[in-house]
Amino acid sequence: MSILDKKHNQTNQQINLLNIPIVDTFIKSRWYPGIFQWAAFVIFSIIVFQLVVGTVSPQTNFGTSMTWVLWWPIIPVLFIVAGRFWCAVCPFGKLSDLVRKFSGSEKRMPKFLKKYGIWFIDVFFIMITWSDHVWGIVESPRGSGYLLLVLVTMVVATSVLYERRTFCKTLCFLGGLAGNYSRSGMLELRGTPEICRTCKSQSCFKGNEKVEGCPMFQYV
């Protein structure tokens, strides 16, 4: 496995960051990606709390400032700089993992979600944009909070009913954005071709006795 820093220059040089000892040790330790996931999860919980029960003034509400002033403009830049790193630390992904750990199902993802998921993502993105135009959700702490709670409900429901991160794979509009922006990202996760060509177990997708398969349904 390798994490590559892609330099788009004349020679198209690629650097495997896992060749850096400190990076390799951290990535393969039990701290990664948990330390980032829990930090994002705690901050997300505080933001939702502030949006739902905090001041109704968007100028002074911590949740509104963090969501729409700081995070929303930064997220496309993060996709370009760090690829799909956000998906690894997203609080929705962590919430999905927690729900599946205690009450999740191994039922396969519905075929209609697998086939039409991209259209659901498009519809959700349009609905969010439309709701801001009509109701001004960006300027409404309560509206923003309720929107996040709706998304949390969807994450929990799909995690209880279906395998892996079904919501992240088929319904998350941020995942759709990440898929587009990260194509030009500076970082990517790539398998080792020499190993993949002779692999019979497909543990990256199916999992093994030590770890579950890729929650995003990928053959890494």
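Above this text you will find the structure in question.
Thresholds applied
Residues numbered from 1 in each chain as written. Predicted model: local features only at pLDDT ≥ 70, side-chain atom pairs only at ≥ 80, totals over all residues. Heavy atoms only, no water. Patch = residues over 30% accessible without salt bridge, like charges linked within 9 Å, V, L, I, M, F, W, Y side chains within 5 Å. Areas by Shrake-Rupley, 256 points an atom, 1.4 Å probe, with all protein chains shown as cover. Salt bridge = Lys/Arg side-chain N within 4 Å of Asp/Glu carboxyl O. Helix = DSSP H or I, 4+ residues; strand = E, 2+ residues; numbered from the N terminus. Buried < 20%, exposed > 50% of the residue type's maximum accessible area, 1.4 Å probe, protein only. Axes fitted to C-alpha atoms, helices over the stretch in contact; angles between N-to-C directions. Parallel < 35°, antiparallel > 145°, perpendicular 65-115°, else oblique. Left-handed = near helix turned anticlockwise from the far one by under 90°. Contact = heavy atoms within 4.5 Å. Nonpolar A, V, L, I, M, F, W, Y, C, P; charged D, E, K, R; others polar. 1 Å grid on protein atoms, 1.4 Å probe; cavity = no way out; pocket = protein on both sides within 12 Å on 5 of 7 lines; lining within 4 Å. Points joined across faces, edges and corners; volume = space filled by probe spheres on them.

So, on to a nonpolar patch on the surface. A cluster of nonpolar side chains, V77, I80, V81, Y181 and M186, forms an exposed patch at the surface whose accessible area comes to about 400 Å². For the nonpolar patch, the leading source of residues is helix α3 (residues 62-82), giving three residues. Its place among the elements puts M186 in the loop between α9 (173-181) and β3 (187-190). Note on M186: relative accessible area 38%, which makes it partly exposed.

On to the packing of α3 against α9, then. It is at 8 Å that the axes of α3 and α9 come closest, and there the two elements cross at 40°. By the criterion of interaxial angle, the relationship of α3 to α9 is oblique. Viewed along their axes, α3 and α9 form a crossing whose handedness is right-handed. Counted together, W71, W72, I75, P76, F79 and I80 of α3 and F173, L174, L177, A178 and Y181 of α9 form the full contact between these two elements. Considering only residue class, the contact of α3 with α9 consists of eleven nonpolar, no polar and no charged.

Attention now goes to the pattern of salt bridges. Taken as a whole and assessed by the stated rule, the structure comprises six salt bridges. The residue E212 makes a salt bridge to R100 at a minimum N-O spacing of 3.4 Å. Here R100 lies in helix α5 (residues 91-103) and E212 lies in the segment after α11 (203-206), a separation of 112 residues in the sequence. When its relative accessible area of 14% is taken as the criterion, R100 is described as buried. The salt bridge involving R164 is made with E163; its shortest N-O contact spans 3.9 Å. Grouping residues by exposure puts R164 and E163 together as buried. Within this structure, D97, R100, R165 and E212 form a network of salt bridges that share partners.

A separate point is the packing of helix α6 (residues 111-135) against α9. At a minimum axis separation of 8 Å, α6 and α9 run at an interaxial angle of 110°. Between α6 and α9, the angle is such that the two are roughly perpendicular. Here I121, F125 and I128 of α6 come into contact with α9, specifically with F173, G176 and L177. The residue makeup of the contact of α6 with α9, split by class, is five nonpolar, one polar and no charged.

All right, on to empty space enclosed by the protein then. Per the counting criterion, the structure on display carries one cavity of 30 Å³ or more. Taken as a whole, the largest cavity spans an internal volume of roughly 120 Å³. For the largest cavity, the lining is made up of 14 residues, of which C87, C90, C168, C172 and G175 are closest to its centre. Those elements that place two or more of their residues in the lining of the largest cavity are α4 (85-89), α5, α8 (166-170) and α9. The residue makeup of the lining of the largest cavity, split by class, is ten nonpolar, two polar and two charged.

This next bit is on the layout of surface pockets. The computed volume of the second largest pocket comes to approximately 620 Å³. Residue lining of the second largest pocket: 27 residues in total, with I47, M66, W71, W86 and P91 positioned closest to the centre. Elements supplying a minimum of two residues to the lining of the second largest pocket: α2 (34-53), α3, α4, α5, α7 (141-161) and α9. When residues in the lining of the second largest pocket are grouped by element, the largest group, nine residues, is from α3. Of the residues that constitute the lining of the second largest pocket, the class distribution is 26 nonpolar, one polar and no charged.

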